[in-house]
Structures are given as C-alpha cells and as structure tokens.
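Commentary on secondary and tertiary structure
What follows is the residue order along each chain.
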Number of protein chains: 2
Amino acid sequence: MPTMTAAQRRAADKAEYDAFLAACPSRQLLDRLSDKWVTLVLVGLEEGPRRYSELSRTIAGVSQKMLTQTLRTLERDGLLTRTVTASVPVTVTYELTPLGRSLQQLMAQLKDWAEAHMDQVLTARDSYDAQP
Amino acid sequence: MPTMTAAQRRAADKAEYDAFLAACPSRQLLDRLSDKWVTLVLVGLEEGPRRYSELSRTIAGVSQKMLTQTLRTLERDGLLTRTVTASVPVTVTYELTPLGRSLQQLMAQLKDWAEAHMDQVLTARDSYDAQP
DNA sequence: CGGAATCCTGCCTGATACTG
DNA sequence: CAGTATCAGGCAGGATTCCG
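Definitions and limits used
- Residues numbered from 1 in each chain as written.
- Chains lettered and ligands numbered in written order.
- Predicted model: local features only at pLDDT ≥ 70, side-chain atom pairs only at ≥ 80, totals over all residues.
- Heavy atoms only, no water.
- Pairing = 2+ DSSP bridges.
- Helix = DSSP H or I, 4+ residues; strand = E, 2+ residues; numbered from the N terminus.
- Contact = heavy atoms within 4.5 Å.
- Axes fitted to C-alpha atoms, helices over the stretch in contact; angles between N-to-C directions.
- Salt bridge = Lys/Arg side-chain N within 4 Å of Asp/Glu carboxyl O.
- Polar contact = N/O pair within 3.5 Å; in protein donor to acceptor, adjacent residues only side chain to side chain.
- Parallel < 35°, antiparallel > 145°, perpendicular 65-115°, else oblique.
- Nonpolar A, V, L, I, M, F, W, Y, C, P; charged D, E, K, R; others polar.
- Near = heavy atom within 4 Å.
- Least-squares fit on C-alpha atoms with pLDDT ≥ 70 in both.

1. So, the sheet that holds strand β1 (residues 50-51) of chain B
Residue and element names in this part refer to chain B. One open sheet accounts for three strands, arranged β1-β3-β2; its pairing is antiparallel. Each end of this open sheet is capped by a strand with a single partner; those strands are β1 and β2 (80-85). Relative to strand β3 (residues 91-96), β1 runs antiparallel, the two sharing two bridges. Paired with Arg51 across the two strands is Thr93, which belongs to β3. Packed on one face of the sheet, helix α5 (residues 64-76) meets β2 and β3 and runs near 115° to β2.

2. Digging into the interface of chain A and chain B
How big an interface is tends to be reported as the loss of accessible area on association of its parts. Taken together, the contacts link 45 residues of chain A with 45 residues of chain B. Remark: the boundary between chain A and chain B carries four salt bridges. A salt bridge links Asp129(B) to Arg76(A); the nearest nitrogen and oxygen atoms lie 2.7 Å apart. Put simply, chain A and chain B have eight residue pairs in polar contact (both at pLDDT 80 or more) between them. Of all the elements in the fold, those that place two or more residues in the side of chain A that touches chain B are α2 (25-33), α3 (36-44), α5 (64-76) and α6 (98-130) of chain A. Counting residues per element, the side of chain A that touches chain B draws most heavily on α6(A), at 19 residues.

3. Here's the deal with the side chain of Thr91(A)
All names here are of chain A. Residue placement: Thr91 occurs in strand β3 (residues 91-96). In this structure the side chain of Thr91 is engaged in a polar contact, spanning 3.4 Å, whose partner is the side chain of Ser87. When neighbours within four sequence positions are excluded, Thr91 is seen to be in contact with Arg51, Thr83, Val84 and Thr85.

4. Some thoughts on the packing of α3(A) against α6(A)
A pair of packed helices can be characterised by two numbers: the angle between their axes and the separation between those axes. Residues and elements named next belong to chain A. Where α3 meets α6, the axes come as close as 9 Å, and the angle between the chain directions of the two elements is 100°. Here α3 is positioned roughly perpendicular relative to α6, judged by the angle of their axes. Where α3 approaches α6, its residues Thr39, Leu42 and Val43 are matched on the opposing element by Gly100, Leu103, Gln104, Met107 and Lys111. Among the residues forming the contact of α3 with α6, the class breakdown is four nonpolar, three polar and one charged.

5. Here's the deal with the side chain of Arg125(B)
Examined against the element boundaries, Arg125(B) turns out to sit in helix α6 (residues 98-130). Not counting chain neighbours up to four residues away, the residues in contact with Arg125(B) comprise Gln28(A), Arg32(A), Arg76(A) and Asp77(A).

6. What to know about the protein's contact with DNA strand C
As a structural note, the neighbourhood of DNA strand C is formed by 19 residues, with Lys65(A), Ser53(B), Gln64(B), Arg82(B) and Tyr94(B) the closest of them. Counting only atoms of DNA strand C within 4 Å of the protein, the fraction found in sugar and phosphate groups is 64%. Within the backbone of Gly61(A), one N or O atom sits 3.4 Å away from a phosphate oxygen of DNA strand C. Between Arg72(B) and DNA strand C, the recorded distance is 2.9 Å, taken from a side-chain N or O atom to a phosphate oxygen. When contributions to the surface near DNA strand C are tallied by element, the ones reaching two or more residues are α5 of chain A together with α4 (52-58), α5 and β3 of chain B. Examining the composition of the surface near DNA strand C, we find that four residues originate from one element, α5(B), more than from any other.

7. Side note on the relation of the copies chain A and chain B
With an axial shift of 0.1 Å and an RMSD of 0.1 Å, the rotation relating chain A to chain B amounts to 180°. Taken together, the rotation angle and the small translation identify this as a two-fold axis. When each C-alpha of chain A is compared by its distance to the rotation axis, Ser34(A) comes out closest, at 2.1 Å. Of the interface residues in chain A, 100% have counterparts in chain B that sit at the interface too, so the contact is made through matching surfaces.

By themselves, these figures tell us nothing about what the structure is for.
Spelled out as structure tokens, the structure:
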C-alpha cells in the first residue's frame, strides 16, 4: 500500500530531480539557455555596451519586467556587468564580461546555423503538413 | 481618444510582433531552441537511434506529453525521423537526420561550454549573493 | 509499447501604477 | 531614465485515463 499521497510523491520526486540537476552542470546550463530572453539579450549586447532603454527597443516584444529580470540573472551569473552613471537622468549601461562573450560566440553560431538552414526547416515543415 | 480597447490593442500588437518574427529566421530558431526538451532530445539522440521508451528513461523528468510533443515538432521540422516497426508490441525508433545532426553538433558545443565554465558561473553567483 | 485525449494547476507574462 | 510593486490571465506543462 502507498505510504505517500500523490502530492507527497510528486514533491519527493521533484526534490530528487532537483538534486540531480544541481549535480549536473549541463542541465543547469540548459535551464538558463532555455530562456529566450537570455539569448536575445546576449545577441543584443554582441556589438558592445548598451543602455537599458536601447536594449528595450532592440529586443522587440520584451516587457520591462522580463528585461530587468533577465539582466539581473545574467549579472548574477557573471555574464554581464551593470554600470550606473550618476547623472540626471541616471544612466545604466550593460556590457558582456569575457565569460559572457565566450557564450555569445556560441549563440552567434546558432544564429548562423538558423539563417543557413531555416529554409530547409520550412521546406520540411511544408511537406510534413501536406500529408493527410 | 482611443479607438481600440486594451484587448484590441494587445491583439494588434501581437499580430504585428508575430509578423516580425515570421520574417526573421533567427527569431524562429530561438523560439525552437528555447525549448529545453528540444535540446535534451537532440543530446539524447547524439549517439544514434533510440526508441521512445529509451528516450523517456534517458531524459529524466520529461513527461510523456512533452516528449511526444517535442519529437513531433522536431520530426515536422526535418530534424529527426520517426520509424514504426509493425511488431507486437509496436516499436518506434527516432533518429537524427543530417540536418538534425548538424544542429546537434552545436548543442554539444554548448554542453561543453557549460561543463567548462559552470564553476565560474557558480562562483560569480556566490559573490553576487554575498553582497548586502 | 507508444501514444492520444482530457482535465487542471502554477507560473510566466504583460498591464498598470508608483519611485528616485 | 531605470527601475520596483502589484495584480490578473493565459497557456505551458504535469497527472491521469484510455486506445491500437
């Protein structure tokens, strides 16, 4: 007979799963890179430092909440730096660290892959959809 | 005065935003790669064909719904093939296409990057958290 | 075994208003 | 300008059940 409710089993499984994640660097990376805003911010900073408002305009569709949140986590992870200039009005600049730049290189490769192969993907998609 | 309700404006903005996305291959890629299960499936297939149940066990934490859904979209996009062997019980095998393999190469680089730099990220995270 | 269909919950996200 | 705080909703995604 079960000694745990479904909810308890779920919690136990989740804790176990989290522990496994914590021990596995590649899984942690995936969690981070699986955030589309992370990728877009990295791409947005590829050509140098940008101000908050510039990023906000460049990355169309991002809410200020998600932009701030994404910038914070990236800063926390040491992928970019946040510089506040005490002027009126205040200016905040974001810039990739060397670590962030090394990751951005890989992102750029992904972007290149996409642009090179997107037509193949679209063709495959069409032929898949054409089937009854 | 506004001639649209908030909901209408939202819908219009969204349509416009989607149209922009549709015209930009790199954005479409990001939408696809921002799915952590996509990455994990590609990694799971890197060493050759795998059966559904094998993938399900390898990719710990994935629900059957998300696994099936992910495999379907990847098949639709021409990144992997789905082969059904009419036996009892039925056997279904998934395998990367050449296109899928080329993307998997890049994913492997990301995985390597993660394993090489995760300690730096964790260090940065600790020092960030240590600040009052 | 390998799914499809259904229900249901939580969190992600966006909108809005306020601060320094 | 560059945020923080709060609230509401929509949908991603998990659990469950049933089918070929």
